[in-house]
Structure formats: C-alpha cells, structure tokens
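Analysis of the macromolecular model
Spelled out, the chains give:
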Amino acid sequence: MRMWLTLGGLVAFACLCFAQRTSATAEWLFADPQEVTQTATRTERTVYESFTTVRVLTRREIELSGAQNLHELLSRMVVDFEAQEGSIHNLLSTRGAYSASEFNERTLFLLDGMPLNDAILGNFSPMSFSTHDIERVEVAFGPGSAMYGPNAFAGVVHIVTRRQAGNSPSSFFSGLTERSGYFSSLRWSSSESPLSIQASFWRDPGSNRIRNNDTVVRSLIANWGQKWEGHQWNLLYGYIDMDRGSVGMRYGVFPTPHDRWQYRMHYWTLEQSRGTERKHTLRFYGSAGTMELLRTQPPTFDITTRTACTFNQAIAGLETFWQWQLGNGQILGGGDYRYAQASSASHLRGRHSATNLALFVQGEWHVARCRPVAGVRYDTHSIYGSQLSPRLGFTYQLNRQHILRASWGEAFRAPSFVELYLTNFPLWTPIRVGNNWEPAPYQIEGNPNLKPEKIRAFEIGWKYADARLRLDLAYFRQNLSDVVTVFLRDPNQPMLRQYNNLYAFPISGATAELGWKLGARTELTLAYMRTDYGGPVNQDFRPAKERAVIRVAHWNEQGWSGQIALTYPAFNLGFTDAYAWNSYLTLIYRSDSRTRWNLRIDNLFNTRTELARWVPGGGRAIWFTIQRDW
Amino acid sequence: MRRLTAEFRGVWLACCLWVNAHAAEVFILKSGEGALYEAVVRALMGELKLRNPQLEPSLFSLTGNKADADLVKNLLARNPQVIVAIGTDAAILLKQQMPAIPPNQRPPVVFTLVLDPIAQGLVQSVEQSGTNFAGVALTVRPQRQFRALLDVCPHIKRIGVLYNPNDAISTRLIHQARDDAQKLGLQLVEAHVTKPEETQKALTSLKGQIEAFWLIPDPICASAQPFQQILAFTTTERIPLLAFSETYVRRGAPIAVGPDLSEQGVLAGELVQQILAGATPQTMPLLTPRRTLIYYNLTQARQIGITIPEMLLTLAEKVIGP
C-alpha cells in the first residue's frame, strides 16, 4: 500500500510540475549543454563521449539531495553505490565490489586531483566530507589503475571543490535535527582574492535505537589559486577530524558502548600547470595524521577501562605528467613517486615504510566516428613488487543521439599497512556461557606476504541523449582475484584470524539510468543495477543483487524546490539487506536570492525493518537547515 | 491538467510576488532555466552587490506557458525601480505587456543576452535607446571575428557564409559584415538558406569559391543538422570554420570568437546602477560586448592543415584537444 501511495505521489508531483518550454530563442545557440569530465582519462571529454560509465552530480543535484556529507550523497543519488554500515565509518560498495574488511579501499577518492586514501587502511571515509564545499562530484566506474595506480580498483570518485570550479560565494549554513544533531558550515570566498576557506562541523546523532552511534566531524578546507606568468598555481590544504562511536550496528562483535574511533588527517597539495599544446602538470601532495581507537578491553560498560590504540601515517608524493597534441591524437604520459609510512608501537610492530614508483602513458585518437583510448601504467612497489595495469576503450558515434562504447582494463588494490602488519588487536566476539553471553577475544593478524588484489573487467554500453531524454545502459563483468579477507590461519587456533588472498570470483551485472525532463525545471530519474556473483563469495559481505534509485526533482530559483528520492534496498549490513524502499524528501524554500530554508526528511514513510538508523527501522528523521550567501 | 497546472502556477507566482513585495525594488526575469542564464545571473548579482550591497533583487523565470504573461503583468504592476530581462523571450514579453501600463508608470527595463535588440524593436538605435528599454547586445562585431581568423590564416581573402534572408537579425548582421569585410580587404561570399534542407545545396554553390567559412548565430544554419553538414563541407574542403561560441568548437569548429557571457551580466549591472542613480534609459546607448573570448579546436585545426601559433594559444580562453 505504501508503495502504491509513493508511486501515486510521484506521478502527482510530476504532473503538477509539468511545464514545457515552448520557445527557443537564438541566445541558446551560445549555450554549451555538454557536461565535461576529466576523471576517466585525465583529459577533457564530454560525459556523453566517455568510454566508461561516468556519473556526474552537479551543485544543483547536491542541494536537492539534501545530503550533508559525501556518503549520503553517493548512496542516495548514484545507483552503482550501495551504502553499508561499518564500525568505523559508513561504507560504499562500488558495483558489487564489496568491502570484506570494512573499509572503502576498493574505490579511490580524489579531491581536486589529490588522492585522499590513507596508508593505514587504504581508505577514505566519505562521511567525513561536507557537501557544502562541493561544486560537483564525478564518478568514473571500472578499473582506473591505468591512470591512477593503487586503489582505483572498481571506481574513482573525484570531488571538485567550489573554489576549483570558480563558483564560491561566501556563505553560512546551519541546521538542527532531533537528539542533538547539528550541522554548521562557514565559507569565506571572494572574487577579488585567490584564497577561499571553509570550516564545517557537525554532529550526526546516528540511530535512535543503538547507543554510541553518533559521529562528530570538524573539517577545514583552504584553497588558493593564482595565475602567474603563464603558470597556474594551486595550493590546497584540508583537515578532517572525525570522532565516531564504534559500536555501530556490527553483528558478531560484543557490544562495546564506549568505544570511539577518532580519525585526524591533514591533506595538502601544491600543483603547477602550464602550456596548452604541450600541457605540463606538476603536483606535490601528501597527508599525515592519526587514527585512534579508544577501546574498553575487555568490553564492559565501565568507561575507565578504555585504552587507546593509535596508528600514525604519512604520505608524500610527487606526480608529473605531460599532454601532447599529435595530429588527431593526444598522448598523456608521466610518472608518480610516492612514499608512505605507518607506525603503531603496539599494533603494527613498529614503523613501516614503502615506496612506489610508477610510469604511465595513455593515447587517445579521433578517427572518423570512433574514439579509441589505450593506456598502461607500470608500478613498482618496495613491498609487493611490480604491477602492470593496461586499459583499452573506445566510443563509436552512430549519430548525434546514439553512441556505443566498450572498455577493458586491469587494476589492482595495494594491501594496506594494517593488512600487512596488524598484530595484538583483539576483537571481542560473544560466546554462550551457561545462560549468558560472554565476550571472548579473537585476534586478527596481518600478513606480510599478501599480494595485491586484482581485477580484470570489461564493459559495453549504449547511450542515447536528446533534448528531453537520456539513457545510459551498460553491461559489465569483473573478475576479481587474490581478494583479501580475514580467515583462519590454523584450524587448531580458531580464535586467530589472518588476512589472506583467499578469494577469486566474477561479478557480472548491468546498470541502466534513464533521465527524463518532464518540464523545464523538473526531471525524473530512474536507475537500476543488478549484480550476480560467481564463486565462493563470503555471504556476510555480499551486497544486494538488485539496487534501484528513483528521483523526481523540481527546481526554482526562487520559492519552492524539492526532490523525493526512493532507494532500494534501504540499507545493507553484513549479513542482510533491508529489502524495502527507503524514502528521502528535501524541500527548499528560497525567500530571496541569498537565503535558503531547507527541510529534509529521511525515511519519509517511516518504513520499519530490523535495521536501524535513518533507514527503515530507524524511524523518521527530520533536519531543518538554513543557508545564507553573501 | 495543463490548464490546472498553469492556474496553479499563476496563484503560486502571485504568492511569491506578495511574499517579496516589500523586499525588492529590482526584479530579474530570466527567459528560462539553464547554465546559460545562470552564468549571467551570477555575474549580474555580483555586480549589483558590489555597487549596492543593500539591494535585494527578486529573481523570476519564464516557463514557456500561459502563466508567463500573468507573471509579467504582475511584475509590471508592482512598479519596480528597474526590471532586468535576461534573454530574448523575457525582453519581448515585457515589451508586449508594456502598453497596458500608463506611460508615466512604465518601469525602465534593462535587457541582456539579446542577440539583436534593434531588430527585435527593443531600442531604436545603437546611439540612443529612444524607449524605456536599455541594455546589452549579445552579438560580437564581425570585424573582431574576422581579425581572429586572419591572425591564424593571414592569406584568406574570400569568406563564405550562409544565412536566412527572412531573418531580420541575420540580415542586419550580414549588412554589418559586408562593411567590416571590406575594411579588412575580405570578400564575403553569401548563400541563402530558408530551411535546413537547403543547406547542402547552398554549400555546394560555395564549393571552390571560398577560403574560409563563417558560421553566424542564425537559428537555421547553426542548428544541429546544418552545422554537421557545414562541418563536413569545411573538413572536405580543408578550409577553416569560424564559429561564434565554445559549443561549436567542442563539436568540431577549429576557431570561435564569442562574447563573455559573464560580462553580459556585469554590463547589465552597470546599467541598473545608472538608472537607480537617476539616468533614463531613453538616452542610453546600446552596449556591446567589450571582451571577446577565443576558442580553438586543435584536432580539427590539424585535420585541415592549420597550425595555430603558440602565442595565440596562450591568449585563448580555451584550447580543446582531441
């Protein structure tokens, strides 16, 4: 019944907003309707002509989604991602490449071109990044190691800041939700100054059914950009401090109601680029910070027994690449040197470091209606040896509306320092003692002999686009091998687990995304993904087979705007999915050109399942926020 | 349902106006949605804010249905200090509704992003508006475009062009171009197209007679199918195609010289400030783009055997590769 009411509401909303632009005036000849992306190939291409699946979320879509952080944004708006609850942060499973060890390490995150994945876990927590400073998010699916190296395994998420996009009014954004949740963000920017600064802090109260599930984030992003004697210089500094209750909703682990996960990281990059026909880019980048787990050991309700497990990490890198125009083609070639270090006296057997040197080259050609691309990257790592990551792709333009595409590639994921060297790190699992459940420790050990995970994937697709309709269909098949997971080291020691290259399995699937402009300001988006697994996949972490996202968005410069989004399944967690539709409503009222009032309701229809938080079972949650620009 | 929707929209827009009744004396009316208008609005707001931080303009947008006329009537009835019309549709609709307002109560209108305000009857001449409309034209003077072409290919003498002789804007532009071409020692070779199906025939008539092709913002010649035919023709003939905006360079034109859309907003902001300071639109001249942007498509340039000097590339707004 709820489902029918939802669909009825969607149809009514769409009809109400239906209005077609009837006249086309000559100034439209000056408009460029083609969305350009750089994420897939590092060179400019329209999204329409991309050889792999690329999804772009614009500032308008970000505002309409109501998402406060990047994790919420991707899980609500992009069908290829599935949200998962983890103990240290919320995860994203990318096209079924699930996360066996509770991290997002199978996806590479970039901030204005700077890699964000750390060295300890190889991940980046998208729930720690505020959407307030994001102009657009580009996601290129498929193996990306040929251009980006380790971690660009199943996809690359590129965050483009508002400053980088040249669109950044100063503004203040603040809001409240029930149970002491709040969100505040302040951005200073001026067209006269090359500098922009944004500070954000928020508290997400988490589930209303589980203790110690809240998240507190403080972040700072500073951007400086200047053109000087034909050289473009950009300096970016980021700081993220995330504190999260680590009970979360994990199954199989004894509740520890005072455990907190704290993540503090500094990021920086200095980039210089120049030239047009022979463009050269030089980038120094790095990160440094600490991850700390405050734990009660053994798990009790007594906070005084809490101890700190501390991990430190640092990355420093130098990347340089050139783009040459040659006839109908373009060559991009360069190198990347990266030094990574991690230490933990008690949990990583001291200090470890590694270096990675890489060379990469890519060629693109334009031959009649066909645009082939070929690229390869060679990485040589001080711990796990060398890796070769090739990639091929092409697009064929049938006519102005139809385009066919295909791609094939290989990529790898480097083992993280935790997977290599973790020691003395007990997890507490409940065992039955008489009529009670008691915590029993089991250890997870690192494995210095781990090999990188590998993926070999191909994808074929068809795109159609006209003034009102766009359709993107893709079929993909990914063969994963040497997949790292935690398993028994010795059958005689059941409480000792170790990271191992255990699994090899294929994932095949298909995605479809239909965008239909119902009117000048109203769009309906229907998206669907299906994934099928072969081989011995750990059931505990297998994402849902089917996923769907339905969105109806209506936009106005003044007055009311809004979006209703439905996602299926509602949420994923280890053993099970919440097989129900979750619903998100965003209403925006612009009282004048600078003031925006927002109402966001998660789980609008209050669907109940066994899973909690802002998902079915977690109860309806309401956010009220206001934004004021200067 | 359509009618119901239109009525609902009318009521809703009236409510918006009522809400903003006491907040704003400057109304901005866009011709529609899209990045094109948003870029201009952003620049306009920035300019207004810079010069008058207290100003709180209200923003409205046409939807292409019957409710638009009601919206414009309501805007005019509010007797604002200035209305800014962004795009041709908004400016024309304001012009159509203006006679319903008594002459002494007609608000000044600043227009921008209008291709040819004289041909549209918004103003009487370049030197002096003569109406209560003043604003900025979108067209770049042909001379500037021809100079950019000559910078790349100085040997060119004959430039071909297609246009619709029934289109007043295109005809005025061609008149201007003949003069400009003559000043630069160029000859304009013209061919007529009144519907898209005639494009191929017109192009055939130009074969062997021209050394470059000039694409103008004529809704027939610059629409998708004719443009593809023009692009194929110039590629086969190995002659440069000079366009008027970035979008055509992305689609294959080797060179384009076009207006800076942000500047359209800035210039409109300047006019608004002058009117708020007491100037009357009747005596204001028609502004034209001060800054032009140049775009190159290197792939296409190489395909037809043109080498663009590095110095010109550094001055370009954007250089597009393969």
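Residues numbered from 1 in each chain as written. Chains lettered and ligands numbered in written order. Predicted model: local features only at pLDDT ≥ 70, side-chain atom pairs only at ≥ 80, totals over all residues.

1. Some words on the overall build of chain A
Tallying secondary structure elements over chain A gives five helices and 35 strands in all. When each of the 630 residues of chain A is scored for burial, the buried share is 48%. Relative to all contacts within chain A whose residues are 6 or more apart in sequence, the contacts with residues 24 or more apart total 59%. (Helix = DSSP H or I, 4+ residues; strand = E, 2+ residues; numbered from the N terminus. Buried ≥ 20, exposed ≤ 12 C-beta atoms within 10 Å, placed from the backbone. Contact = placed C-beta atoms within 7 Å.)

2. Remarks on the overall build of chain B
Counting secondary structure elements, chain B contains twelve helices and twelve strands. Here chain B has a C-alpha radius of gyration of 21 Å; the compact-globule value for 322 residues is 20 Å, and the two agree. Across its three principal directions, the C-alpha atoms of chain B cover 60 × 45 × 35 Å. (Rg over C-alpha atoms; globule rule 2.2 N^0.38 Å.)

3. Focus: the confidence of the model for chain A
Residues and elements named next belong to chain A. Here chain A averages 83 in pLDDT, and 85% of its residues register 70 or above. Low pLDDT, under 50, characterises residues 10-24; the stretch is placed with 33 contacts to residues that sit more than four places away or in other chains. Predicted confidence is poor over residues 612-617, with pLDDT under 50, and the contacts of this stretch with residues over four places away or in other chains come to 32 contacts. (pLDDT = per-residue confidence, 0-100.)

4. Some details on the pairing of strand β17 (residues 306-326) of chain A
Residues and elements named next belong to chain A. Alignment of strand β16 (residues 278-296) against β17, held across 19 bridges, turns out to be antiparallel. In the sheet register, alanine 288 faces β17, and the bridge partner there is alanine 314. Relative to strand β18 (residues 329-344), β17 runs antiparallel, the two sharing 15 bridges. Bridge pairing in β18 links tryptophan 324 to isoleucine 331. (Pairing = 2+ DSSP bridges.)

5. Quick notes on the pairing of strand β2 (residues 58-61) of chain B
Residue and element names in this part refer to chain B. Neither face of β2 is open: one carries Ser58 and Phe60, the other Leu59 and Ser61, and all of them are buried. Strand direction decides the pairing type here: strand β1 (residues 26-30) and β2, joined by four bridges, are parallel. When the sheet's bridge partners are listed, isoleucine 28 is paired in β2 with leucine 59.

6. Observations concerning the sheet that holds β1 of chain B
All names here are of chain B. Read from one edge of the open sheet, five strands run β2-β1-β3-β4-β5, paired in parallel fashion. Single-partner strands in this sheet number two, and they are β2 and β5 (133-137). In this sheet, adjacent strand axes meet at a mean angle of 20 degrees when their direction is disregarded. Across the sheet, helix α10 (residues 261-276) touches β1, β3 (82-86), β4 (109-114) and β5, and the angle it forms with β4 is around 170 degrees. (Axes fitted to C-alpha atoms, helices over the stretch in contact; angles between N-to-C directions.)

7. A short note on the sheet that holds strand β7 (residues 114-115) of chain A
All names here are of chain A. Pairing is mixed in the open sheet, where five strands are placed in the order β3-β8-β9-β6-β7. With one partner strand each, in any of the chains shown, β3 (54-57) and β7 form the two edges of the open sheet. Bridge analysis of strand β8 (residues 134-141) against strand β9 (residues 155-161) gives seven bridges, and the strand direction is antiparallel. Paired with glutamate 138 across the bridge in β9 is histidine 158.

8. Considerations on the environment of tyrosine 239 of chain A
All names here are of chain A. Mapped onto the fold, tyrosine 239 is located in strand β14 (residues 231-245). The class for tyrosine 239 is partly exposed, based on 16 C-beta atoms found within 10 Å. In the structure, tyrosine 239 is positioned 26 residues away from asparagine 213 in sequence and 23 Å away in space, judged by C-alpha atoms.

9. Structural notes on the packing of helix α5 (residues 142-152) of chain B against helix α6 (residues 168-183) of chain B
Two numbers describe a pair of packed helices, the interaxial angle and the distance between the axes. Residues and elements named next belong to chain B. For the pair α5 and α6, the least separation of the axes is 9 Å and the interaxial angle reads 40 degrees. On the basis of their axis angle, the class for α5 and α6 is oblique. You can see that α5 and α6 cross each other, and the crossing is right-handed. Residues Pro142, Gln143 and Phe146 of α5 touch α6, and the partners they reach there are Gln176, Ala177, Asp180, Ala181 and Lys183. (Parallel < 35°, antiparallel > 145°, perpendicular 65-115°, else oblique. Left-handed = near helix turned anticlockwise from the far one by under 90°.)

10. Regarding the packing of helix α2 (residues 35-51) of chain B against α10 of chain B
Residue and element names in this part refer to chain B. The contact between α2 and α10 brings their axes to 7 Å, and the two run at 40 degrees. Between α2 and α10, the angle is such that the two are oblique. As α2 packs across α10, the resulting crossing turns out to be right-handed. Here α2 contributes Leu36, Ala39, Val40, Val41, Arg42, Ala43, Leu44, Glu47, Leu48 and Arg51 to the contact with α10, which in turn contributes Leu261, Ser262, Gln264, Gly265, Val266, Ala268, Gly269, Glu270, Val272 and Gln273. Each residue belonging to the contact of α2 with α10 can be placed in one class, and the counts come to eleven nonpolar, five polar and four charged. (Nonpolar A, V, L, I, M, F, W, Y, C, P; charged D, E, K, R; others polar.)

11. Things to note about α10 of chain B
Since one α-helical turn is 3.6 residues long, residues separated by three or four positions face the same way. Residue and element names in this part refer to chain B. In this model, α10 (16 residues) spans 23 Å end to end at C-alpha, consistent with the 22 Å of a helix rising 1.5 Å per residue. Here α10 has its buried residues at Leu261, Glu263, Gln264, Gly265, Val266, Leu267, Ala268, Gly269, Leu271, Val272 and Ile275. Among the structural elements, β1, α2, β3, β4, β5 and β10 (255-259) are those in contact with the buried residues of α10. Phi turns positive one or two residues past the end of α10, at glycine 278, with a value near 120 degrees. (Expected span 1.5 Å × (residues − 1).)

12. Points about α2 of chain B
Spanning 17 residues, α2 of chain B covers 24 Å between terminal C-alpha atoms, matching the ideal 24 Å at 1.5 Å per step. Among all positions in α2 of chain B, only Leu36, Tyr37, Val40, Val41, Ala43, Leu44, Met45, Glu47 and Leu48 of chain B are buried.

13. Re unusual backbone geometry
Even without being a glycine, aspartate 482 of chain A presents a positive backbone phi close to 55 degrees. Relative to the assigned elements, aspartate 482 of chain A resides in strand β26 (residues 469-488). Here the phi dihedral of arginine 238 of chain B falls at roughly 55 degrees; this positive angle occurs in a residue that is not glycine. Within the element layout of this structure, arginine 238 of chain B appears in the loop between α8 (224-237) and β9 (241-243). Residue classification places arginine 238 of chain B among the exposed positions, given that 10 C-beta atoms sit within 10 Å.

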